[in-house]
Amino acid sequence: RFIAKPCAINLGIQDSGPHRAQPNAILEKVFTSITKSPDAKRLEGLSKQLDWDVRKIQRWFRHRRNQDKPTTLTKFCESMWRFTFYLSIFFYGIRFLWTAPWFWDTRQCWYNYPFQPLTSRLYYYYILELAFYWSLMFSQFTDIKRKDFLIMFVHHLATIGLITFSYMNNMVRVGTLVLCLHDASDFLLEAAKLANYAKYQRLCDAFFMLFGVVFIVTRLGIYPFWILNTTLFESWELIGPYPSWWLFNGLLVTLQVLHVIWSYLIVRTASKALVRGKVSKDDRSDVESSSEEEDVTSNSTKGIFSTSSNGSNRLNGHVAGGQWTGE
């Protein structure tokens, strides 16, 4: 409200919504009570009832669906908040872990486990991350509605469960490594969205390509060969397969499966960009629930997060994926 909105206005982003549909009580009742996208049979019935052309009724429903879309200003403010948090928490984590012995030697995560001290810096890092994901859980019901709502809801539940579980079992050392690794790429995705909303297309594409590289390196390279290596093999060697070991590693391996899926979608998006000259869609993040419009073809040459179609988020879904599903 006090930072993101003035920044958006200075960049020329207006708080103007889409064209509003002509008031019509019958069509409004169908829209709110029956369907937002009537089939051909219902369109014919409405055409006879209202003495309107079928095409005119289709346009009315398209405009009515567009009314529920958030403005570019709203999306810019949401992305700027997430960009601020992801960037801040990533640098906080790097600064904290740089002096931590387990950052350089992952076997330190398991020495003297579970009798490891919980320092104040480690505690605040964990609590900040946990609080943020709780906020995402609740704000999903009030923020921009996306097609991957259910996937992201499950993702946030799993993330909160993993953070809480590792905290309760004092696996916070390896937990900090996982958190920091996942924060490394998220702020780049939000930066790409910000550039797109401000209509800096080349900057948007550059940020997205950089996001893709960092995402793949961290999720398909560092994560399996650094994180999973220590949770699966080093922990087995040093402390043995304790009961919660199976659940903890099961969740982490599941996360790796999601990483592979999201990476594939990112690579597919990037390959399309090389063919078309720019990224046409972000398959990971920012798909709104009202983006399936009849004129989608005319928007196919837009940028990563085309503002006219409210973007696209088939990747948590941050990942978009995540989120975006996210991480």
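The name an unreviewed UniProt entry gives the chain is CERS5 synthase, with Erythrocercus mccallii as the organism.

**Student:** Whenever I open this one, the packing of aromatic side chains confuses me. Can you help?
**Tutor:** Counted by the stated rule, this structure contains 26 aromatic pairs. With a centroid separation of 5.1 Å and 75° between ring planes, the pair formed by Trp236 and Trp245 is classed as edge-to-face. For Trp236, a relative accessible area of 41% puts it in the partly exposed group. Judged by its relative accessible area of 5%, Trp245 falls in the buried class. Centre to centre, the rings of Trp245 and Trp246 are 4.7 Å apart; their planes meet at 80°, and the pair counts as edge-to-face. For Trp246, a relative accessible area of 53% puts it in the exposed group. Ring-pair connections join several aromatic residues into one group, and the members of that group are Trp81, Phe85, Tyr86, Phe132 and Tyr133. For Lys56, the ring lying beneath its charged end belongs to Trp52, and the centroid distance is 4.3 Å.

**Student:** What am I meant to see in unusual backbone geometry here?
**Tutor:** Most of the time, phi is negative for any residue but glycine, and the peptide bond is trans. Cis peptide bonds are those with omega within 30 degrees of zero, and the linkage from Tyr113 to Pro114 qualifies with 5°. Within the secondary structure, Pro114 is located in the loop between helix H6 (101-104) and helix H7 (120-139). Non-glycine residue Asp51 carries a positive phi angle of around 60°. For Asp51, a relative accessible area of 69% corresponds to the exposed category. Phi is positive for Asn112, close to 60°, though the residue is something other than glycine. Within the element layout of this structure, Asn112 appears in the loop between H6 and H7.

Calculation notes
Residues numbered from 1 in each chain as written. Predicted model: local features only at pLDDT ≥ 70, side-chain atom pairs only at ≥ 80, totals over all residues. Heavy atoms only, no water. Phe/Tyr/Trp six-rings, centres within 6.5 Å; stacked < 30°, edge-to-face > 60°. Buried < 20%, exposed > 50% of the residue type's maximum accessible area, 1.4 Å probe, protein only. Lys NZ or Arg CZ within 6 Å of the ring centre and 35° of its normal. Helix = DSSP H or I, 4+ residues; strand = E, 2+ residues; numbered from the N terminus.

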